[in-house]
Amino acid sequence: MGKPTRFQAPKGMHDILPAEIWRWQRLEAAFIEAATLHGYSEIRTPILEPTDLFVRSIGESTDVVQKEMYTFQRHDDSLTLRPEGTASAARAYVQHAVQALEPISRWYYLGPMFRAERPARGRQRQFHQAGCEIFGDPGPTCDAEMISMLVSMFVDLGIGELEVSISSLGGPETRPKYRSVLLDFLRPKAADLSEHSRARIEVNPFRVLDSKDEGDRAAVEGAPSILDYLSDEDRAHWDALKTQLEALEVPFRVSPGLVRGLDYYNRTLFEISSSAGELGAQNALAGGGRYDTMVEDLGGPKIPAIGFAMGLERILLAMGESERVVEPSCFVVPMGEKATIDGLVLARELRQLGVRVDVDGRQNSLKSKLRRANSSGARVCAIIGESEIETGTVQLKDLLQHSQEQVPRDRATRIIADRLLGSTPRAGGND
Ligand code: AMP
């Protein structure tokens, strides 16, 4: 037989090992707490959806749909690994006719997303997003609250150097008016644009403003701003959003060139970036906006909506290092057969009181077990050998204070629990 194949995780997709998972859990807990405090409830949708759902909602001319989807055929169905969460949430909203159950729904989600992009720092093929959606509220109050919630959460997570960019894309009255102004501006510049952008002028001129190409950026400098073409209603929405953000003390920058990669947005559009930590070029932490026509486009009623998604990998890079909070725990070291049985019982008693316990049941030397106890991070080590069994005792080693004492076995559970949890361990144990 040849050498066994050493498999690797797919390119751009990463394992998250136990040594780093605590940072993820801390971030997820902070997000869930912020979302819950703002009245959002969790929704979980399948990781696969019909391909057409993303084509329809994200938009045919977007990079995501044109180049980045993981799509496969199964029997007669074309399925796609979700590249983002909003389309699935809107699909679920329509499928379950949620508008008939409540006038406004606030949902949050967390999970992996898939885009076949070129991997770089802060850009993976499988990455994780957490996001919120509000269905049924036309804003702008909920728009301001959503942006403010994100900023407060980032500040609480210790992320500095935040920049909040906002814009308005207007609605059905504004868009065609601005589109023709933008076309008049772009058409004479076609020769200066990249091939990619030139092809998009007529299909989706807004996208040209979003190009990363240096030549394109120079060519679109001085492009007319959509904010100068807002209809009266769109302007009232936009002005109220700014006033409310100011009242909430959210510093923001008006960025009329903000487009973002997805086609479904209208009116409020926002992005939060940071130059903190190890982020580098991929510095957009979160982005979102209104998508007031998506529910209807997917066959549902006319229901306004707004949402955002934040990238967990990028937020973790921006958070930098933080102190790990280690829960106090006990390490049980039994030596010999009888002691092993008693060690198991002691561990069970401790867990019933809410103490974390690791039992080293290997038949190794005392020295090697103590070495593990020391590196385990446990506060207390309980040693049970043959002489402890004979005398009905347990040796307690305090691994922080480097002290040792012998305690009666029938009081050991309570003593350890008191030391690790304070004097009021969880009820229900026996000692
Ligand atoms: P989007 O769904 O494109 O609006 O992106 C929302 C957020 O998801 C971005 O601001 C990033 O933080 C994150 N994100 C998007 N694409 C990726 C990716 N390929 N890798 C890592 N994070 C990403």
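Fair warning: this is a prediction, and the values are worked out from it, not measured in the lab. Here the residue numbering is sequential within each chain, running from 1 through the sequence in written order. Selection of residues for local features in this predicted model requires a pLDDT of at least 70, selection of side-chain atom pairs for listing and counting requires 80 or more, and totals for whole chains, interfaces and linings are taken over all residues. To get the side-chain values, all heavy atoms of the structure are used, and hydrogens and water are removed first.

Some words on the packing of helix 1 (residues 18-37) against helix 12 (residues 312-319)
A pair of packed helices is captured by two measures, namely the crossing angle of their axes and the spacing between those axes. To obtain an axis, a line is fitted to C-alpha atoms, over the contacting stretch when the element is a helix, and the angle between two such axes runs from 0 to 180 degrees between their N-to-C directions. Elements are defined by DSSP. Helices are runs of H or I of four residues or more, strands are runs of E of two residues or more, and each kind is numbered from the N terminus. Following both chains from N to C, one finds helix 1 and helix 12 inclined at 105°, their axes separated by 11 Å at the closest point. Relative to helix 12, the element helix 1 is oriented roughly perpendicular. Of helix 12, the residues touching helix 1 (which contributes R23, W24, R26, L27 and E28) are L312, E313, I315, L316 and M319. All amino acids are sorted into three groups, where Ala, Val, Leu, Ile, Met, Phe, Trp, Tyr, Cys and Pro are nonpolar, Asp, Glu, Lys and Arg are charged, and the leftover types, Gly among them, are polar. Looking at side-chain class alone, the contact of helix 1 with helix 12 contains six nonpolar, no polar and four charged residues. Should an angle fall under 35 degrees it is taken as roughly parallel, and over 145 as roughly antiparallel, whereas 65 to 115 is taken as roughly perpendicular and any remaining angle as oblique. Pairs of residues are marked as contacts when any of their non-hydrogen atoms sit within 4.5 Å.

A short note on the domain arrangement of the protein chain
Domain borders in the structure are assigned automatically or taken from a domain database. For the protein chain, the assigned domains read domain 1 (18-173 + 231-319) and domain 2 (325-427). The gap between the C-alpha centroids of domain 1 and domain 2 is 48 Å.

Looking at the nonpolar core
If you look at the biggest cluster of nonpolar residues, it comprises 58 residues, and the most contacted ones within it are F154, M310 and I315. With nine residues, helix 5 (residues 141-156) is the single largest residue contributor to this core. Residues contacting F154, with those up to four places away along its chain left out, are I159, L162, I272, L285, A286, M310 and I315. If you look at the next biggest cluster of nonpolar residues, it comprises 33 residues, including F54, M69, Y93 and M113. Here the nonpolar core consists of buried residues drawn from Ala, Val, Leu, Ile, Met, Phe, Trp, Tyr and Cys, with membership extended through side-chain atoms lying within 4.5 Å. Accessibility here uses a 1.4 Å probe with only protein chains present; expressed as a share of the type maximum, an area under 20% marks a residue as buried, one over 50% as exposed, and anything in between as partly exposed.

Concerning helix 14 (residues 366-375)
For helix 14, the complete set of buried residues consists of S368, K369, L370 and A373. Looking at the buried side of helix 14, the elements it contacts are strand 12 (329-334), strand 14 (380-384) and strand 15 (393-398). Count one or two residues on from helix 14 and you reach G377, which has phi positive near 85°.

Quick notes on the confidence of the model for the protein chain
Regions with low pLDDT carry predicted coordinates that are not meant to be interpreted in detail. On average, residues of the protein chain score 93 in pLDDT, and 97% of them are at 70 or above. Confidence scores labelled pLDDT are given residue by residue by the predictor and lie between 0 and 100. This stretch, residues 425-431, has a pLDDT under 50; its non-local contacts, to residues over four places away or in other chains, come to 16 contacts.

Thoughts on the sheet that holds strand 11 (residues 305-311)
The pairing criterion is simple: DSSP has to find at least two bridges between the two strands. A sheet is described by the order of its strands in space; here eight strands give the open sequence 1-5-6-11-10-9-7-8, paired in mixed fashion. Both edges of this open sheet fall to strand 1 (41-42) and strand 8 (253-254), since each of them pairs with a single strand only. In the sheet, strand 10 (residues 284-290) pairs with strand 11 via five bridges, with the strands oriented antiparallel. Along strand 11, the bridge assignment pairs A286 with M310. Relative to the sheet, helix 1 contacts strand 5 (105-114), strand 6 (126-135) and strand 11, its axis offset from that of strand 5 by approximately 160°.

Side note on the sheet that holds strand 3 (residues 71-74)
As summarised here, the arrangement of the three strands in space is 2-4-3, forming an open sheet in which the pairing is antiparallel. Both outer strands of the open sheet, strand 2 (48-50) and strand 3, are each paired with one neighbouring strand and no more. Within the sheet, the average angular offset between the axes of one strand and its neighbour, ignoring direction, is 40°. Where strand 3 and strand 4 (residues 77-81) come together, four bridges link them in antiparallel fashion. Each residue of the ladder has a partner; that of F72, found in strand 4, is L79. Lying on the sheet, helix 2 (residues 51-58) is in contact with strand 2, strand 3 and strand 4; it crosses strand 2 at an angle near 75°.

A few points about unusual backbone geometry
Following G139, the chain continues into P140 via a peptide bond in cis, with omega recorded as 5°. Mapped onto the fold, P140 is located in the loop between strand 6 and helix 5. Phi is positive for E249, which is not a glycine, with a value near 55°. Position of E249 among the secondary structure elements: in the loop between helix 10 (232-247) and strand 8. Given a relative accessible area of 71%, E249 falls into the exposed group. Unusually for a residue other than glycine, R267 sits at a positive phi of about 45°. Along the chain, R267 falls in strand 9 (residues 266-274).

Some remarks on the pairing of strand 15
Within strand 15, five of the six residues are buried, which leaves it mostly tucked inside the rest of the structure. Taking the residues that link successive antiparallel strands as the turn, the strand 15-strand 16 (residues 403-408) hairpin has four residues, and the phi of H402 there is positive, at about 55°.

A few points about empty space enclosed by the protein
Cavities and pockets are found on a 1 Å grid laid over the protein atoms alone: a cavity is a set of points where a 1.4 Å probe fits but cannot escape, a pocket is an open set with protein on both sides within 12 Å along at least five of seven lines, and a lining residue has an atom within 4 Å of such a point. Grid points are joined across faces, edges and corners, and a volume is the space filled by probe spheres set on the points. Tallying each qualifying case throughout the model produces one cavity of 30 Å³ or more. Roughly 40 Å³ of volume is contained in the largest cavity. As for the largest cavity, its lining consists of L169, Y178, F206, L209, I226, P256, L258 and V259. Partitioning the lining of the largest cavity into residue classes produces eight nonpolar, no polar and no charged.

What about the site of the ligand?
We call a residue near a given molecule or strand whenever any one of its heavy atoms falls within 4 Å of it. With respect to spatial proximity, 14 residues lie near the ligand, and among them R115, E117, Q124, R260 and A284 are the closest. Throughout this description, a polar contact denotes any pair of N or O atoms lying within 3.5 Å of each other; where both atoms belong to protein, one of them has to be capable of donating a hydrogen while the other can accept it, and for residues adjacent in sequence the pair is counted only when both atoms sit in side chains. Measuring from an oxygen atom of the ligand, one finds a backbone N or O atom of A284 at 2.9 Å. One of the backbone N or O atoms of G311 is found 3.2 Å from an oxygen atom in the ligand. Working definition of accessibility: Shrake-Rupley area with a 1.4 Å probe, residue cover restricted to the visible protein chains. Isolated, the ligand exposes 480 Å² of accessible area, and the fraction of that covered by the protein chains is 93%. Within the residue set of the shell around the ligand, elements represented by two or more residues are strand 6, strand 10 and strand 11. Taken together, the residues that form the shell around the ligand break down as five nonpolar, four polar and five charged.

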